[in-house]
Amino acid sequence: MRSIRMFVVAVLLIAAMTASSPAQDKAGVVPVAKTKFSPMDGLPACSALSVQRGDPSKGPAVILLKVAKGCTVPWHWHTAAESLMMVSGNGKLEMKDAAAAGVVPGDYVYLPGKHAHQFGCSTACTLFLVTDGAFDIHYIDKDGKEIPPAEALKAPAKKAAAPAAKKKG
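Residues numbered from 1 in each chain as written. Predicted model: local features only at pLDDT ≥ 70, side-chain atom pairs only at ≥ 80, totals over all residues. Heavy atoms only, no water.

With that settled, the discussion passes to the nonpolar core. V67, F119, L127 and Y139 are the most contacted members of the largest nonpolar core, which totals 24 residues. Elements with a minimum of two residues in this core: strand 2 (61–67), strand 4 (82–88), strand 7 (108–111), strand 8 (117–121) and strand 9 (125–131). Those residues in contact with V67, other than ones at most four positions away along the chain, are C46, S47, C121, T123, A124, C125 and L127. (Core = buried A, V, L, I, M, F, W, Y, C linked by side-chain atoms within 4.5 Å. Buried < 20%, exposed > 50% of the residue type's maximum accessible area, 1.4 Å probe, protein only. Helix = DSSP H or I, 4+ residues; strand = E, 2+ residues; numbered from the N terminus. Contact = heavy atoms within 4.5 Å.)

Here D136 shows up in the loop between strand 9 and strand 10 (138–140). For D136, a relative accessible area of 23% gives the class partly exposed. Separated by 60 residues in the primary sequence, D136 and H76 place their C-alpha atoms 10.0 Å from one another.

Pairing of strand 3 (residues 72–77) with strand 8 involves three bridges; the strand directions are antiparallel. Along strand 8, the bridge assignment pairs T72 with G120. Two elements, strand 3 and strand 10, share two bridges in a ladder whose sense is antiparallel. For W77, the partnering residue across the bridge sits in strand 10 and is H138. (Pairing = 2+ DSSP bridges.)

Our next topic: the sheet that holds strand 2. One open sheet accounts for five strands, arranged 1-2-9-4-7; its pairing is antiparallel. Each edge of the open sheet is held by one strand with a lone partner, namely strand 1 (47–54) and strand 7. For this sheet, the mean inter-axis angle between neighbouring strands, taken without regard to orientation, is 20°. In the sheet, strand 2 pairs with strand 9 via seven bridges, with the strands oriented antiparallel. From the neighbouring strand, K66 faces strand 9, where its bridge partner is T126. (Axes fitted to C-alpha atoms, helices over the stretch in contact; angles between N-to-C directions.)

Turning to the side chain of H76, a few remarks are in order. Note that H76 resides in strand 3. Under the relative-accessibility criterion, H76 is labelled buried at 3%. At a separation of 3.2 Å, a polar atom in the side chain of H76 contacts the side chain of H78. Ignoring anything within four residues of it in the chain, the contact list for H76 reads H115, A116, H117, Q118, I137, H138, Y139 and I140. (Polar contact = N/O pair within 3.5 Å; in protein donor to acceptor, adjacent residues only side chain to side chain.)

Moving on: the sheet that holds strand 3. An order of 6-5-8-3-10-11 is seen for the six strands of this open sheet, with the pairing classed as antiparallel. Looking along the sheet, the strands with just one partner apiece sit at the ends: strand 6 (101–103) and strand 11 (146–147). Both strand 5 (residues 91–95) and strand 8 contribute to a ladder of five bridges, which runs antiparallel. By the bridge assignment, G91 is partnered in strand 8 with C121.

All told, the structure shown has zero aromatic pairs when counted by the stated rule. Its end group placed over the ring of F37, K66 keeps NZ or CZ at 4.5 Å from the ring centre. (Phe/Tyr/Trp six-rings, centres within 6.5 Å; stacked < 30°, edge-to-face > 60°. Lys NZ or Arg CZ within 6 Å of the ring centre and 35° of its normal.)

Attention now moves to the state of the cysteines. Scanning the entire structure with this criterion turns up two disulfides. Each sulfur of the disulfide joining C121 and C125 lies 2.2 Å from the other. Judged by the sign of its S-S torsion, about -130°, the cystine formed by C121 and C125 is left-handed. Each bonded cysteine in the chain gets a number by its place in the sequence, and the pairs come out as 1-2, 3-4. (Disulfide = S-S within 2.5 Å.)

Structure (structure tokens):
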């Protein structure tokens, strides 16, 4: 009887692993020319992403991210740890209790879960983001208090233009 139960458990385990294996777990190449980028709710409109592997709403994932020149993802943290690998462009990473760091192609960044940071690009950037669990984003204010995405992502107030000089004559 015990061996039958173990056999049933083994069969169920194998079936569960097979059923949960997405097609993208098959070997292959994803040509960048065929990669489709789209915005994601909760991220700045100046960024777009393409999921390369996994389902970031459910667990670990590999994401190709494009960030426009001058775009910043304001102060935030994620529940899961994330790793970043800069592919192109120039960025700046600011982390809680650390000096700001420039990020250039080839640089690797590791951010533990719940580690406050912000990231911006001085030129258009492309980077890989690998998350160890489901992707979420929790924006914070200057005091570290969580704020809604709409508040974090609202456009900063523009400076008033200097008055035009009067022409003589």
